[in-house]
Amino acid sequence: MPAEAPVLAALPQSPGVWAQAWKRLRQDKVGLISLWIVSVFLILVLLAQAGFVAADWQREVAEPFAPPTVLGPAEKQAADEVAAKLPNVDLSDIDPLAPRYQEWAERAAQVKNVIVEKSETRAFGADRLGRDVLAKAIKGAQISILVGIAAAFMATLLGTFLGALAGYFGGWVDDVLEWVYNVFTAMPYILLIFALAAVFKSGPLAKTFTNGIAAVVIILAAVGWTSIYRLVRAEYIKHRGREYVRAAEAIGAGHGLRMFGHILPNISHVVLVQLSLHVVSFIKAEVILSFLGLGVPIDMVSWGTMLSDAQTELVLGYWWQLAAATLFMAVFVTAFALLTDALRDALDPKLR
């Protein structure tokens with residue numbers, strides 16, 4: 001018997017679930033590229049949250065509507081040349097204060113003014129106030145991505161927990177949770193978001209949730225958990241009677257261990273897909289709410305507020321703020337969706 005111990009130790013050990021998932025993910029080139037892109041965005045979000053990047057996005061560092069650097073400086077009318085061509089007019093006869101102008105000019109020259117030199121171009125251009133569009137896009141990414149990820153995680157946790165309870169226990173627990181689910185799904189999704197946003201914005205809860213970001217996260221999580229709940233409930237109903245769950249019950253595993261230690265890892269790919277879809281949809285919902293003035297406060301910037309500002313600039317021919325917000329949002333949303341598809345393929349038990 002002791003001789004068998006070295007033999008067992010020499011046998012190759014089976015890799016764990018997460019080790020196998022990482023191995024499969026590394027073989028997916030699209031998934032790895034998406035992982036790098038998402039990681040870059042998340043690093044930018046953390047740096048912006050810490051104040052190392054885009055902390056001065058409100059400073060007027062350029063001329064109003066300064067174009068991107070690749071376009072070169074905008075052509076300006078020489079106002080001084082136009083004024084020089086005008087004839088000099090003696091204002092002393094019609095303006096009694098005209099003799100004092102020279103004295104006031106000399107006094108004003110003695111006052112030291114700090115003149116900030118404003119650049120004529122920026123990397124991604126400037127808005128109507130001369131604020132850097134690139135800094136606004138990075139700061140907007142911080143707000144929009146944090147809102148989308150936080151709301152998606154809250155909705156996923158709530159929907160997964162309630163779906164696990166309903167699908168595993170069934171009976172009266174399932175009936176009560178199904179009634180709650182039907183109440184939330186009775187009203188159209190977008191109308192419910194607008195109704196809750198109006199309540200949090202100007203209703204009795206406005207004084208409680210003075211931070212607009214927290215209000216938007218709670219609104220989106222309260223509305224978005226229903227689809228996750230429905231899918232997780234169906235998966236738990238399907239898995240609760242399978243052999244591995246009965247084997248866990250036979251060796252004395254409790255309800256919590258069977259629910260979250262055995263069944264949940266086997267349906268994690270479903271949860272991950274829903275998490276990805278909700279991050280994407282919640283970012284879009286935050287953009288719509290902020291665009292309509294129901295999202296983040298006016299003293300903050302997100303991709304939605306950038307699009308709201310850009311609609312008036314686009315009429316005047318200044319397109320770079322719209323392009324920057326759209327580019328940042330499209331790249332992150334696409335990369336995040338592709339990454340989650342790769343994670344689903346790596347974690348799906350049917351593909352092992």
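Residues numbered from 1 in each chain as written. Predicted model: local features only at pLDDT ≥ 70, side-chain atom pairs only at ≥ 80, totals over all residues. Heavy atoms only, no water.

All chains considered together, the criterion is met by twelve aromatic pairs. Plain terms: the ring middles of phenylalanine 184 and tryptophan 225 are 5.5 Å apart, the flat faces sit at 75° to each other, and that makes the pair edge-to-face. Placement of phenylalanine 184 in helix H7 (residues 171-185) and of tryptophan 225 in helix H9 (residues 212-239) is noted, with a sequence separation of 41 residues between them. Cluster of aromatic residues (ring-pair linked, three or more members): Phe41, Phe124, Phe328, Phe332 and Phe336. (Phe/Tyr/Trp six-rings, centres within 6.5 Å; stacked < 30°, edge-to-face > 60°. Helix = DSSP H or I, 4+ residues; strand = E, 2+ residues; numbered from the N terminus.)

A cluster of nonpolar residues, Val70, Leu71, Leu314 and Trp319, forms a patch on the protein surface that exposes about 430 Å² of accessible area. Following the sequence through the fold, tryptophan 319 ends up in the loop between helix H13 (303-315) and helix H14 (320-347). Under the relative-accessibility criterion, tryptophan 319 is labelled partly exposed at 41%. (Patch = residues over 30% accessible without salt bridge, like charges linked within 9 Å, V, L, I, M, F, W, Y side chains within 5 Å. Areas by Shrake-Rupley, 256 points an atom, 1.4 Å probe, with all protein chains shown as cover. Salt bridge = Lys/Arg side-chain N within 4 Å of Asp/Glu carboxyl O. Buried < 20%, exposed > 50% of the residue type's maximum accessible area, 1.4 Å probe, protein only.)

Attention shifts here to the packing of H13 against H14. The geometry of H13 relative to H14 is characterised by a closest axis approach of 8 Å and an angle of 145° between their N-to-C directions. Crossing of H13 over H14 shows left-handed handedness. For the pair H13 and H14, contact is made by Trp303, Met306, Leu307, Asp309, Ala310, Glu313 and Leu314 and by Gln321, Leu322, Ala325, Thr326, Phe328, Met329 and Phe332, respectively. When grouped by side-chain class, the residues that make up the contact of H13 with H14 number ten nonpolar, two polar and two charged. (Axes fitted to C-alpha atoms, helices over the stretch in contact; angles between N-to-C directions. Left-handed = near helix turned anticlockwise from the far one by under 90°. Contact = heavy atoms within 4.5 Å. Nonpolar A, V, L, I, M, F, W, Y, C, P; charged D, E, K, R; others polar.)

Time to look at the pattern of salt bridges. Scanning the model with the defined rule gives ten salt bridges in all. Ionic pairing is found between aspartate 132 and arginine 122, a salt bridge with its closest N-O pair at 3.4 Å. Of this pair, aspartate 132 sits in the loop between helix H5 (101-110) and helix H6 (133-169) while arginine 122 sits in the loop between H5 and H6; the two residues are ten residues apart in sequence, bridging distant segments of the chain. What makes aspartate 132 buried here is its relative accessible area of 12%. For arginine 122, a relative accessible area of 24% corresponds to the partly exposed category. Glutamate 249 serves as the salt-bridge partner of arginine 258, at 3.5 Å between the closest nitrogen and oxygen. A residue is classified by how much of its surface remains accessible, and arginine 258, at 7% relative accessible area, is buried. Judged by relative accessible area, glutamate 249 falls into the partly exposed class, the value being 45%.

Along its 13 residues, H13 runs 19 Å from first to last C-alpha, staying within 8% of the 18 Å computed at 1.5 Å per residue. For H13, every residue scored as buried is listed here: Trp303, Gly304, Thr305, Met306, Leu307, Ala310 and Glu313. Elements that come into contact with the buried residues of H13 comprise H6, helix H12 (268-291) and H14. Looking at the residues trailing H13, positive phi occurs at glycine 317, about 95°. (Expected span 1.5 Å × (residues − 1).)

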